[in-house]
Amino acid sequence: QVQLVESGGGLVQAGASLGLACAASIRTFSTYTMGWFRQAPGKEREFVAGISWSGGSTGYADSVKGRFTISRDNAKNTVYLQMNSLKPEDTAVYYCAAVGLVGIPRSPNVYKFWGQGTQVTVSS
């Protein structure tokens, strides 16, 4: 049974930094592309960042490029999202997701496994 468990969310002020982690119970974790998505109240779930199975390729939404960094540690079956210079508009529930495909898909419909989400709230 595959499980993705996010951690690290919380309440911070604008301009602060926060790090998220997603621990995956996937036996073949190193073969999966991993993604971070977020969903704010009343809005659709949107792509934030993704990383290829090797970590050699990454992709970011324009809204977070230059502020967020995705990384992974295949030895620990964990993917991370470092968020700097946070803005109130970054407030959302953040989800990690996994898909066994080449490339970095940006559509949430493509991803096969999902975590339960962690709340990130940025106050102004």
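Numbers given to residues run from 1 along each chain, matching the order in which its sequence is written. Per-residue local features are limited, in this predicted model, to residues with pLDDT of at least 70; the limit for side-chain atom pairs, both in listing and counting, is 80 or more; totals at the level of whole chains, interfaces and linings are taken over all residues. By convention in this description, side-chain values take in all heavy atoms of the structure and omit both hydrogens and water.

Colleague: Could you clarify how one ought to interpret the sheet that holds strand β7 (residues 68-73) in this entry?
Modeller: Strand pairing within a sheet occurs via backbone hydrogen bonds; the two strands may be parallel or antiparallel. Two strands pair under a simple rule: DSSP has to find at least two bridges between them. Numbering of helices and strands runs from the N terminus; a helix is a DSSP stretch of H or I covering at least four residues, while a strand is a stretch of E covering at least two. An order of β1-β3-β8-β7 is seen for the four strands of this open sheet, with the pairing classed as antiparallel. At either end of the open sheet lies a strand with only one pairing partner, and these are β1 (4-7) and β7. Strand-to-strand, the axes of this sheet are offset by a mean angle of 15°, without reference to chain direction. In this structure, β7 lies alongside strand β8 (residues 78-83), joined through six bridges in antiparallel fashion. Bridged to Thr-69 within β8 is Gln-82. Orientation is described by lines fitted to C-alpha atoms, with helices fitted over the stretch in contact, and by angles between N-to-C directions that extend from 0 to 180 degrees.

Colleague: Looking at this model, I keep getting lost on unusual backbone geometry. Mind explaining?
Modeller: Generally, phi is negative for residues other than glycine and the peptide bonds are trans, each holding for most cases. Located in the positive-phi region is Asn-77, a residue other than glycine, with phi close to 50°. Tracing the chain through its elements places Asn-77 in the loop between β7 and β8.

Colleague: I keep staring at the state of the cysteines and nothing clicks. Help me out?
Modeller: Here a disulfide denotes one covalent bond, and it connects the sulfur atoms of two cysteines. Pairs of cysteine sulfur atoms within 2.5 Å are what we label disulfides. Evaluation of the coordinates by the stated rule reveals one disulfide. Through a disulfide, Cys-22 is tied to Cys-96; the S-S separation comes to 1.9 Å. Its S-S torsion of approximately 40° makes the covalent link between Cys-22 and Cys-96 right-handed. Highlighted residues: Cys-22 in strand β3 (residues 18-24) and Cys-96 in strand β9 (residues 92-99), separated in sequence by 74 residues. Pair check on accessibility: Cys-22 and Cys-96 agree, each one buried. Each residue is assigned to one of three classes by its accessible area relative to the maximum for its type, calculated with a 1.4 Å probe on protein chains only: buried under 20%, partly exposed between the two thresholds, exposed over 50%.

Colleague: I keep staring at the environment of Gly-9 and nothing clicks. Help me out?
Modeller: Relative to the assigned elements, Gly-9 resides in the loop between β1 and β2 (10-13). Classification of Gly-9 as partly exposed rests on a relative accessible area of 33%. Sequence spacing of Gly-9 and Thr-58 is 49 residues, and the spatial spacing of their C-alpha atoms is 22 Å.

Colleague: I would appreciate a short explanation of the nonpolar core in the present structure.
Modeller: Soluble, globular proteins show a tendency: their nonpolar side chains are buried together. We define the nonpolar core as a collection of buried residues of types Ala, Val, Leu, Ile, Met, Phe, Trp, Tyr and Cys that are connected through side-chain atoms lying within 4.5 Å of one another. Judged by nonpolar contacts, the single largest core of 30 residues is most densely connected at Leu-4, Met-34, Trp-36, Leu-81, Met-83 and Tyr-94. Apart from the residues within four sequence positions on either side, Met-83 is in contact with Ala-16, Ser-17, Leu-18, Leu-20, Arg-67, Phe-68, Tyr-94 and Val-120. Phe-47, Ala-97, Val-99 and Tyr-111 belong to the second largest nonpolar core, which has five residues in total. In this description, contact between two residues means that some pair of their heavy atoms is separated by no more than 4.5 Å.

Colleague: What is the right way to read the side chain of Thr-118 from this model?
Modeller: Topologically, Thr-118 is positioned in strand β11 (residues 118-123). Under the rule applied, a polar contact is a pair of N or O atoms within 3.5 Å (in protein, one hydrogen donor and one hydrogen acceptor; residues adjacent in sequence only if both atoms are side-chain atoms). A polar contact is formed between the side chain of Thr-118 and the backbone nitrogen of Gly-9, at a distance of 3.3 Å. Non-local contacts of Thr-118, meaning those with residues more than four positions away in its chain, are made with Glu-6, Gly-8, Gly-9, Leu-20, Ala-92, Val-93 and Tyr-94.

Colleague: Explanation requested: the side chain of Arg-67 in the structure shown.
Modeller: Tracing the chain through its elements places Arg-67 in the loop between β6 (58-60) and β7. Of note is the side chain of Arg-67, whose polar atom sits 2.8 Å from the side chain of Asp-90. Excluding residues that lie within four positions of it along the chain, Arg-67 makes contacts with Gln-82, Met-83, Asn-84, Ser-85, Leu-86, Lys-87 and Asp-90.

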